Every structure is written in structure tokens, then in C-alpha cells.
Amino acid sequence: MSSNLLNSAATHPKPNAVRGHEGIQRTWDPHADRWCAKILPGEYYVTNHDEAITTVLGSCISACIRDPAIRVGGMNHFMLPEDTTNGKSAWLDAELGLATRYGSFAMESLINDLLKLGAKRERLEVKLFGGGRILASMTDVGKRNIDFARNWLRAERLNLVGEDVGETTPRRVLYFTQTGRVLVKHLRTLESRAIATREEQYLTSFKQKPVENDVELF
Amino acid sequence: MARILAVDDSASMRQMVGLTLKSAGHDVLTAADGDEALKMASVGDPVDLVITDVNMPNMDGISLVRELRLLPQYKGVPLLVLTTEASVERKMEGKQAGATGWIVKPFNPDRLLETVAKVLG
């Protein structure tokens, strides 16, 4: 095992991470036969190398986005903050506004970094994963995440070419950025509790640190 | 109430910024990139404030700020940058181009309106 790893590392040097993405954990994945970036809730990763990106999703959602013409791609992993507005739809409503702003931020950050690598907005191919209702006791936050992502993509006129969303199982997603191929493994529901707990911790972390804009006047 | 030009390549972002500004009674014009914004700004009376994204096709927000500052009617108009970019280097570029201020997304509507009120004086 370790000699295989060493051989792989010798024949496939770890590609340089795109600036700003050096902090994402990457390991050699013998099954994918590539270096593989593992992203956690709230993170995203983009690459212009032949790499894979993986994540585990419960009710969170991931957009896998690439420009096939220049072979750059990336993935995010996010969840909208809780909606406590009972369906009020005003954007200026504090809670719903927070959800929309946070979701837009997660999508826009990923797309901006792809554009910086030379991608063109009109060529982008998007696939969506996750948004499962993994615990029966939970309200269907997964559906909110799916609805948001689909509506956002429609508003931005981006090309949604595939999705595997909803249902009741968590998923492990493995995305090959150069080809756009995605392997999805539906995980046993036994793992749902641990995944839900981690997603709850992620939600709590940004509830405690509110999404605020940093303003600097020159 | 002011006439404000909001520039962003993201349709949902133009909508969110537009709704926020309109809620405070401002008159909002929108453009989808720096090129379109510069064309709009070059004709007729100048707007009272420009709020621009950075990463956009055709002309980015920092180039837009630089170009606007070359127009005599935009010498004294506040130009705010609203972006996901938060690095000191990019902020410095914006400042040198002639931006009045830098706001990092995701933005808080109340703080955006406070900042707008502040720069409009």
C-alpha cells in the first residue's frame, strides 16, 4: 500500500493548487488514479489540472461546474441557513435574505474562480448533487437547498446538464473536472446521523459568526 | 434620493442589489459588465453613485473604475466595489484605480445602505 502510494506520488507529482485553494486537503486516490481534493461543508475547490474532487453530502448541496472547452472545473458544498420566515418571500427579510445571500455567495465564489482561470460563463456545465432528506425527523432542508440551486441557475441562465438530488440517503460524490464525469455512491442510512451532525455543526458555525460584509472606505 | 448604477454579471446579484437600493428610495440602473456600464455612464448626466462587481466579462470592475475616473463628469462621483474578492492586493488595486470603497460579499443590506448613505454625503 505505502509503496504504491510512493510510486504514484513519484510518477504523478501533486499539481500546484490554484491560488487561494492551497488549504484544501488533497490525497492520492488510487481508485480515481488521480490526486483528489476533499472538500468539507462551506468549502470549495477549483483546478485546471487533471484532478478529482470529492465530498460527502447529506442535506447539503454541491454544484460541480466546469468549462469543457478549457478543461477547468470545481465543486462547492453548502447549505442555506435556516428559514424562520414561514414562507415570506421578501428579499429584504433578514432571515430569507441571509439564505439567498449566502447561497449566491457560495455559487458566485466558485464561478468567479473558474472565470479567473479563463472559463467563459456561457460555456459552463453544471451538475447538482445532494439535498437529501437524510433524517426523517428533520424538516426537509435538503429540498430548500435544491430549490435554491435550481432557481439560481435558472436566473443566471447557466446550463444544468445533470443532477442526482433529494431522496433519503447521503451521498459520496467524486467529480473528474477534466471530463465532467461524476461517480455518486449512495451511502447507507446508518451513516446519516454522523453526516447530519457534521452539517449541523457547520450551520451553527456560521450562525454564531453572522454573514456580514466587510466594508472599507478608502 | 440618488440615481445609482449597479454593475454585476450575475443577474441575481443585480436583482438583490437593486431591490436593496430601491427599498431606500433610490433610482437604480443596472449593467451586466464594465463595458456596458461605461457606455451608459458616458452619455447624459452622470449618476450619483456606481456600485460595481470586480470579476466580469468584457471589462472588469477595476478597469471600469479606472476608465470612469478619466471622464471629467466622474471625477467626484463615488465608486464602490462590491465583490467576493477580499485580498489586500486587490483592494489596493481598486484604491489605486480610484475606487471610493470596497465591500466584500455576501453583503448585509442594512450595511450596504449605510455605506451608500455615507458616500453620498
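Predicted model only: the values in this text are computed from it and were never measured.

## Section: the overall build of chain B
In step 1: Helix and strand content of chain B: five helices and five strands.
In step 2: Sequence-ordered secondary structure for chain B, helices as α and strands as β, is β-α-β-α-β-α-β-α-β-α.
In step 3: Here chain B has a C-alpha radius of gyration of 13 Å; the compact-globule value for 121 residues is 14 Å, and the two agree.
In step 4: Every one of the 121 residues in chain B was classed for burial, and the buried ones make up 56%.
In step 5: Surface accessibility of chain B: about 5,000 Å² in total, with carbon and sulfur atoms responsible for 52%.
In step 6: The distance from the centre of the 13 positive side-chain charges to the centre of the 16 negative ones in chain B is 4 Å.

## Focus on the sheet that holds strand E8 (residues 159–165) of chain A
Residue and element names in this part refer to chain A.
In step 1: Strand order across the open sheet formed by five strands is E3-E6-E5-E7-E8, with mixed pairing between neighbours. Across the chains shown, the open sheet's two edge strands, defined by having one partner strand only, are strand E3 (44–47) and E8. The mean inter-strand angle of the sheet, taken between neighbouring strand axes irrespective of direction, is 10°.
In step 2: In this sheet, strand E6 (residues 72–76) lies alongside E3 in antiparallel orientation, the contact comprising four bridges.

## Quick look at unusual backbone geometry
In step 1: The peptide bond linking Lys105 of chain B to Pro106 of chain B adopts the cis configuration, its omega dihedral lying at 0°.
In step 2: Its location among the elements puts Pro106 of chain B in the loop between strand E5 (101–104) and helix H5 (109–120).
In step 3: Look at Arg71 of chain A: it is not a glycine, yet its phi comes out positive at around 55°.
In step 4: With respect to the secondary-structure elements, Arg71 of chain A resides in the loop between strand E5 (61–67) and E6.
In step 5: A positive phi angle, near 65°, is found at Asn58 of chain B, a position not held by glycine.
In step 6: Here Asn58 of chain B shows up in the loop between strand E3 (49–52) and helix H3 (61–70).
In step 7: Overall, the relative accessible area of 66% leaves Asn58 of chain B in the exposed class.

## A look at the pattern of salt bridges
In step 1: Overall, the coordinates contain 20 salt bridges over all chains when judged by the stated rule.
In step 2: Via salt bridges that share partners, Asp113 and Lys116 of chain A together with Glu85, Arg90 and Glu93 of chain B belong to a single interconnected network.

## Here's the deal with the packing of helix H2 (residues 34–42) of chain B against H3 of chain B
All names here are of chain B.
In step 1: Running from N to C, H2 and H3 point in directions that differ by 20°, and their axes come no closer than 9 Å. As judged from the angle between their axes, H2 and H3 are roughly parallel. For the crossing formed where H2 meets H3, the hand is right-handed. Where H2 abuts H3, its residues Gly34, Ala37, Leu38 and Ala41 lie against Leu64, Glu67 and Leu68.
In step 2: Looking at the contact of H2 with H3, its residues break down into five nonpolar, one polar and one charged.

Calculation rules
- Residues numbered from 1 in each chain as written.
- Chains lettered and ligands numbered in written order.
- Predicted model: local features only at pLDDT ≥ 70, side-chain atom pairs only at ≥ 80, totals over all residues.
- Heavy atoms only, no water.
- Helix = DSSP H or I, 4+ residues; strand = E, 2+ residues; numbered from the N terminus.
- Rg over C-alpha atoms; globule rule 2.2 N^0.38 Å.
- Buried < 20%, exposed > 50% of the residue type's maximum accessible area, 1.4 Å probe, protein only.
- Areas by Shrake-Rupley, 256 points an atom, 1.4 Å probe, with all protein chains shown as cover.
- Lys, Arg positive; Asp, Glu negative; His and termini not counted.
- Charge placed at Lys NZ, Arg CZ, Asp CG, Glu CD.
- Pairing = 2+ DSSP bridges.
- Axes fitted to C-alpha atoms, helices over the stretch in contact; angles between N-to-C directions.
- Salt bridge = Lys/Arg side-chain N within 4 Å of Asp/Glu carboxyl O.
- Parallel < 35°, antiparallel > 145°, perpendicular 65-115°, else oblique.
- Left-handed = near helix turned anticlockwise from the far one by under 90°.
- Contact = heavy atoms within 4.5 Å.
- Nonpolar A, V, L, I, M, F, W, Y, C, P; charged D, E, K, R; others polar.

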